[in-house]
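Structure assessment
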Amino acid sequence: MKTRVRELRNAMGITQQQLADLVHVSSRTIISIEKGQYSPSLMLAYRMAQVFHTTVEDLCCLKENLEHMEELQ
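Residues numbered from 1 in each chain as written. Predicted model: local features only at pLDDT ≥ 70, side-chain atom pairs only at ≥ 80, totals over all residues. Heavy atoms only, no water.

Points about unusual backbone geometry
What counts, and what does not: To qualify as a helix, a DSSP run of H or I must reach at least 4 residues; to qualify as a strand, a run of E must reach at least 2; elements of each kind are numbered from the N terminus. Only protein chains enter the accessibility calculation, which uses a 1.4 Å probe; a residue whose area is less than 20% of its type maximum is buried, one above 50% is exposed, and one in between is partly exposed.
At His53, a residue that is not glycine, the phi angle is positive and equals roughly 55°. Examined against the element boundaries, His53 turns out to sit in the loop between helix 4 (42–52) and helix 5 (56–59). The phi angle at Cys61 is positive, at roughly 50°, despite the residue not being glycine. Looking at the element boundaries, Cys61 is found in the loop between helix 5 and helix 6 (62–72). What makes Cys61 buried here is its relative accessible area of 7%.

Re the pattern of salt bridges
Just so we agree on the cut-off: Here, a salt bridge means any side-chain nitrogen of Lys or Arg that lies within 4 Å of a carboxyl oxygen of Asp or Glu.
Here the structure, examined in full by the defined rule, presents five salt bridges. The salt bridge partner of Arg4 is Glu7, with a shortest N-O separation of 2.7 Å. Among the residues examined, Glu7 registers a relative accessible area of 46% and is labelled partly exposed. Each member of the salt-bridge network shares a partner with another, and the members are Arg4, Glu7 and Asp58.

Some remarks on the packing of helix 2 (residues 16–23) against helix 4
The following threshold applies: Note on geometry: axes are lines fitted to C-alpha atoms, helical ones only across the stretch in contact, with angles between N-to-C directions running from 0 to 180 degrees. For classification purposes, angles smaller than 35 degrees are called roughly parallel, those larger than 145 roughly antiparallel, those between 65 and 115 roughly perpendicular, and all remaining angles oblique. Here a crossing is called left-handed whenever its near helix is offset anticlockwise from the far helix by less than a right angle, and right-handed whenever the offset is clockwise. By the convention used here, residues are in contact when the closest approach between their heavy atoms is within 4.5 Å. Any residue outside Ala, Val, Leu, Ile, Met, Phe, Trp, Tyr, Cys, Pro, Asp, Glu, Lys and Arg is labelled polar, Gly included; the first ten of those are nonpolar and the last four are charged.
Two elements in contact, helix 2 and helix 4, have axes whose closest approach is 9 Å; the angle formed by their N-to-C orientations is 115°. In this view, helix 2 runs roughly perpendicular relative to helix 4, as classed from their interaxial angle. Note that helix 2 runs across helix 4; the crossing there is right-handed. Contacts from Leu19, Leu22 and Val23 in helix 2 reach Leu44, Arg47, Met48, Val51 and Phe52 in helix 4. Classifying every residue of the contact of helix 2 with helix 4 gives seven nonpolar, no polar and one charged.

This is the structure:
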């Protein structure tokens, strides 16, 4: 799943480890999310959205991901 985590984290000027500490996960989890290898749980997405002052929908590129799923069907 595509997310804006890397983009928003870089804009905020924080490291993967700092974000991980803020949302109570490992840095490996943040790395996997940024690479699109892991989809965050709803609660983790919510915590990250709070850190970045955005919505879960924006953080998780809801529109783009839905369009991509439709293309695959």
